[in-house]
Amino acid sequence: GDIQGRIRKTLMMQDEFWPPSDCLTSFDRSKQITGDHARCTGAYLCDDDARPARHFSQGDQAYFFYEFELRRELEVPSGGLEFHAATGHVIHGKNSLQSETLVRSPVPAGSRLRFHQTISLDVGPGEYFFTVGLASTNSSSYLEYRTGLFNHEDFAQQVHEHCRAIDVGSFTVGFEKNGKLSHHGIANLPGKFQVNVVESGDRAESDGEATSQEKDSCPTIIHITHWKAGSQRIHRILRECVPDLIVSPQPGETQFRHWPVQAEKVYPTVYVTRHEFSKVRLPPNHRRFIIIRDLRDTLVSAYFNMKISHPIVDIGRTRLRRKLQALDFDEGLIYLMDDWLVPCAKIQISWLESQQRLIRYEDLLEHDLEILEPLLLDECQLKVSRERLHEVVQGSRFERITGARQRGGRKMSLRMNERA
């Protein structure tokens, strides 16, 4: 086994290795966007030992192999790969034209084009999904681009995409092998550090004064929840009551998990588990409240929202909407249940197991003022008058916002129960 591994690694470094056909991840036409020029027949991701891999450390080399079958002749073909984070934001993408790696041209119909791409994973820890594609251009356009007669925008008009296999695989990147974090953010960019110390004998304030201020401060307020549990309504209520104190939500809960949590501020819609919450350093004076929703209602609400009404904000949502629109109702629910609903369930279960006092979304629908008034004013000490809170809560009610449209998610989930 070790000898075979070394042989595979040696061949890979010499660009002579190609994974066995049974190792390639294959997929049908429904999982790729293609015309009549080519189709993707498989993809493979491996580590330094040429073994299939999905888990890497920061800075590791990842080796991607992908193959296309040509149905028509292509003059100057180009294969490429991009990978994106779970948010849908593209982290990196590169094709063979950009790397100036060309095959003999033209390539006749019936041929198989095999691409081997090596990428150094100098990116932030997280899960990533990769997509592969095939395009082509003509020789004269490529020559003009290489010699500087075409800029990128002009050249892009002469490049035609023939096949795109979306999210053919995924991988995770963790800390460096020694357990350290090489950088913050998406990418590790080259640069230099310099630091100087300027000494001063003056202190802005004494420790005693700071402690006194902490005692007199208002609490930091944290609203913990999961998706589709009325989080946007609570967000609107808090923002209308104390607009100057709101710390706006960020992708990946960056504002809470990675930035310093600010004293006397209000954090709406924080999607974290009990374990994730416990790892964050909080101001001494803070309050939290947790809102959960029946997961059946959560699932149904998400289905219609993502399939029909939710604004498209990134490429991930675009792909999800296309997927749901191609499935019937039952298939769509199963698809969301297996993927999208899992993080919601993890958040909810973690707080249920901690035996914390939880607020149920269903109770809020019927008794919003009775619940929110003592919670926000008495327990959390929100800086707003009772009169203003009443006005904001009443103005945020579902029927008023939607023009008296009746809530349907609960009825739908009850029907799901009956069918089950």
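The present account deals with the structure reproduced in this document.

Parameters at a glance
- Counting restarts for each chain: residues are numbered from 1 in the order of the written sequence.
- Per-residue local features are limited, in this predicted model, to residues with pLDDT of at least 70; the limit for side-chain atom pairs, both in listing and counting, is 80 or more; totals at the level of whole chains, interfaces and linings are taken over all residues.
- Only heavy atoms go into the side-chain values, all of them from the structure, while hydrogens and water stay out.
- Residue exposure (1.4 Å probe, protein chains only): buried if accessible area is under 20% of the type maximum, exposed if over 50%, otherwise partly exposed.
- Helix and strand definitions follow DSSP, with helices as H or I runs of at least four residues and strands as E runs of at least two, each counted in order from the N terminus.
- At least two bridges found by DSSP between two strands are what make those strands a pair.
- A pair of aromatic rings is counted whenever rings of Phe, Tyr or Trp (Trp by its six-membered ring) have centres within 6.5 Å, and the orientation is called stacked for planes under 30 degrees apart, edge-to-face for over 60 and tilted otherwise.
- Here a salt bridge means any side-chain nitrogen of Lys or Arg lying within 4 Å of a carboxyl oxygen belonging to Asp or Glu.
- Two N or O atoms form a polar contact when they lie within 3.5 Å of each other; inside protein one atom must be a possible hydrogen donor and the other a possible acceptor, and for residues adjacent in sequence the pair counts only when both atoms belong to side chains.
- Only heavy atoms enter the contact rule, under which two residues are in contact if any of them lie within 4.5 Å.
- Directions drawn from the helix axis to the C-beta atoms are what define this arc.

1. Notes on the pairing of strand β7 (residues 112-120)
Move 1: The side-chain alternation of β7 yields one buried face, formed by L113, F115, Q117 and I119, and one unburied face, formed by R112, R114, H116, T118 and S120.
Move 2: Bridge count between strand β4 (residues 61-70) and β7: 9 bridges; the pairing is antiparallel. Across the sheet, the residue bridging to Q61 is S120, located in β7.

2. Observations regarding the packing of aromatic side chains
Move 1: The final tally for this structure, using the stated rule, is 20 aromatic pairs.
Move 2: Ring geometry for Y303 against F304: centres 5.0 Å apart, planes inclined by 80°, an arrangement best described as edge-to-face.
Move 3: Note on Y303: relative accessible area 2%, which makes it buried.
Move 4: Here a set of aromatic residues connected by ring pairs shows up, and it is made of F56, F64, F83, Y128, F130 and F171.

3. Focus: the pattern of salt bridges
Move 1: Inspection of every chain in the model, using the stated rule, returns 18 salt bridges.
Move 2: Between R112 and E69 there is a salt bridge whose closest N-O contact spans 3.6 Å. Highlighted residues: R112 in strand β7 and E69 in strand β4, separated in sequence by 43 residues.

4. Digging into unusual backbone geometry
Move 1: With a phi angle near 65°, K228 is a residue other than glycine that sits in the positive phi range.
Move 2: With respect to the helices and strands, the residue K228 is situated in the loop between β10 (220-225) and α5 (231-241).
Move 3: One non-glycine residue with positive phi stands out, namely Q381, at about 55°.
Move 4: As for its position among the elements, Q381 is in the loop between α13 (368-379) and α14 (386-395).

5. Some words on the environment of Y44
Move 1: Within the secondary structure layout, Y44 lies in strand β2 (residues 38-46).
Move 2: What makes Y44 buried here is its relative accessible area of 5%.
Move 3: Linking Y44 and F65, residues 21 residues apart in sequence, is a C-alpha distance of 5.0 Å.

6. Notes on the side chain of H183
Move 1: Structurally, the position occupied by H183 is in the loop between β9 (160-174) and α4 (207-216).
Move 2: Its relative accessible area of 10% is what places H183 among the buried residues.
Move 3: Of note is the side chain of H183, whose polar atom sits 2.8 Å from the side chain of S182.
Move 4: Apart from residues lying up to four places away in sequence, H183 is in contact with Q58, D122, V123, G124 and N188.

7. What to know about helix α10 (residues 329-338)
Move 1: The set of residues buried in α10 consists of G332, L333 and L336. Here the buried residues of α10 occupy an arc of 100° about the axis, which is enough to place them on one side.
Move 2: A side-chain oxygen of the first residue of α10 lies 3.3 Å from the backbone nitrogen of D330; this N-cap is D328.

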